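So you can see what is in the structure, the chains are spelled out below.
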Amino acid sequence: MKKARMTERFQSAICRLATLVALGVTSVSSYANDDVIPVEKFQPAITVQFAPERPNGWELERPMAAYGMNLFSANVPSYGGKGKLISSWSPQHGKVFDRPTVILVHGGHGVSPANIDMAVWLRKELKANVLILDSYWSRGKSENWLAWTEYGANMRVLDLIAAARFTQSQGADPKKTFVIGGSQGGWTVLRAFSDHNLSGEVKSLLVGGASLYPNCYAKESFWSGLPGGGAANTDIAPPLGDYVAPVHVFTGTADTATPTSQCNVDRALKGAYKGTSFEGATHAWDTPSGGVGRPGVDGKCSRALNIYNRFAVCRNNQYTDTTRNEIVAFVERHTTK
């Protein structure tokens, strides 16, 4: 009986190894989790090597130039090495290794003024090296408002790893490198630090991250059991949680775009290093309502561009200040001296 059990386990292990190799997992010797990011599936072709002039009608280059940031270019070799992702890489010249590095990952609307505003603030407040990463333009897309596609969390994690490899090649210290993302970018942060087959590389390149108003619809969420929740049973909505590094999650109770009710709260939110919930905050409470790099207009509201969900976006200066103060504390606390 004991011999039969051992044979079954051996056969199971061999089958599992074959599956991982077929999925493109190159390091499997110490991996014992069932959560696998199938690399080849989530590497859509890179077809464009320049940024649009005015994505979604936004003027991005002028404020970037005004605040001394480098403009977007195709400079980050993709995870699989087939083409380059577009980014804005603005290092602290002569101090790249000494300063913290922050990679910013955008939401479903693509790179927006909010990402530029956050970069301006990070460079001023933390004197950080900042990379704003694009995942859509290089693939001929301007947005991913539907979320549950091949352009979702798993693809974005591979892009994040590629960006962290790039910043390291540019002299950044991985022990001082962080990621910040909002909405689908926040989902990317949660997925990146979940326990999966690429966790070892993620931990070797990134210290931790801040996830702002994230998507967290996943296999184990409440939604997966409902009619129409089929996407939650696929790797398009992969598991979240069992984080392998510190993650600080920020949510708003009036957020109708990514409500916390979509989450497995215990795993995706309570399982994080720290969670901050803002009473009455909508999605994107830190939107730059006064313009990039300028004081926000408190209480100013607009509607999202997302044609499937025109959710409210209302600036809240108090919550924005709290978010940013906590990000500073997070980076300082987890930076290796």
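Before going into details, it helps to say that this report is about the structure given with it. This structure is a prediction, so every number in the text was calculated from the model and none was measured.

### Digging into the state of the cysteines
In this structure the tally under the stated criterion is two disulfides. The disulfide that involves Cys 216 links it to Cys 263, with 1.7 Å between the sulfurs. Highlighted residues: Cys 216 in the loop between β6 (208–212) and β7 (247–252) and Cys 263 in the loop between β7 and α7 (265–269), separated in sequence by 47 residues. The buried category is assigned to Cys 263, whose relative accessible area is 8%.

### As for the side chain of Thr 320
For Thr 320, the position within the fold is in helix α8 (residues 317–334). For Thr 320, a relative accessible area of 1% translates into the label buried. Setting aside its immediate chain neighbours within four residues, Thr 320 contacts Trp 285, Asp 286 and Arg 315.

### What to know about the packing of helix α3 (residues 113–125) against α8
Running from amino to carboxyl end, α3 crosses α8 at an angle of 50 degrees, the nearest separation of the two axes being 12 Å. Here α3 is positioned oblique relative to α8, judged by the angle of their axes. Considering how the two elements wind past one another, α3 and α8 form a crossing that is right-handed. Here Asp 117, Met 118, Trp 121 and Glu 125 of α3 lie close against α8, whose contacting residues are Arg 324, Ile 327 and Val 328. Residues belonging to the contact of α3 with α8 are distributed by class as follows: four nonpolar, no polar and three charged.

### Thoughts on the nonpolar core
Judged by nonpolar contacts, the single largest core of 48 residues is most densely connected at Ile 103, Leu 131, Phe 193, Leu 206, Leu 240 and Tyr 243. For this core, the secondary-structure elements that each account for two or more residues are β2 (84–90), β3 (101–105), β4 (129–133), α4 (153–169), α5 (184–192), α6 (199–205), β7 and α7. The element contributing the most residues to this core is α4, with ten residues. Look past the residues within four positions of Tyr 243 in its chain and what remains in contact with it is Leu 190, Phe 193, Ser 194, Arg 267, Ala 268, Gly 271 and Ala 272. Within the second largest apolar cluster, 42 residues are counted, among which are Met 64, Ala 119, Phe 250 and Val 328.

Reading the values: the criteria
Residues numbered from 1 in each chain as written. Predicted model: local features only at pLDDT ≥ 70, side-chain atom pairs only at ≥ 80, totals over all residues. Heavy atoms only, no water. Disulfide = S-S within 2.5 Å. Helix = DSSP H or I, 4+ residues; strand = E, 2+ residues; numbered from the N terminus. Buried < 20%, exposed > 50% of the residue type's maximum accessible area, 1.4 Å probe, protein only. Contact = heavy atoms within 4.5 Å. Axes fitted to C-alpha atoms, helices over the stretch in contact; angles between N-to-C directions. Parallel < 35°, antiparallel > 145°, perpendicular 65-115°, else oblique. Left-handed = near helix turned anticlockwise from the far one by under 90°. Nonpolar A, V, L, I, M, F, W, Y, C, P; charged D, E, K, R; others polar. Core = buried A, V, L, I, M, F, W, Y, C linked by side-chain atoms within 4.5 Å.

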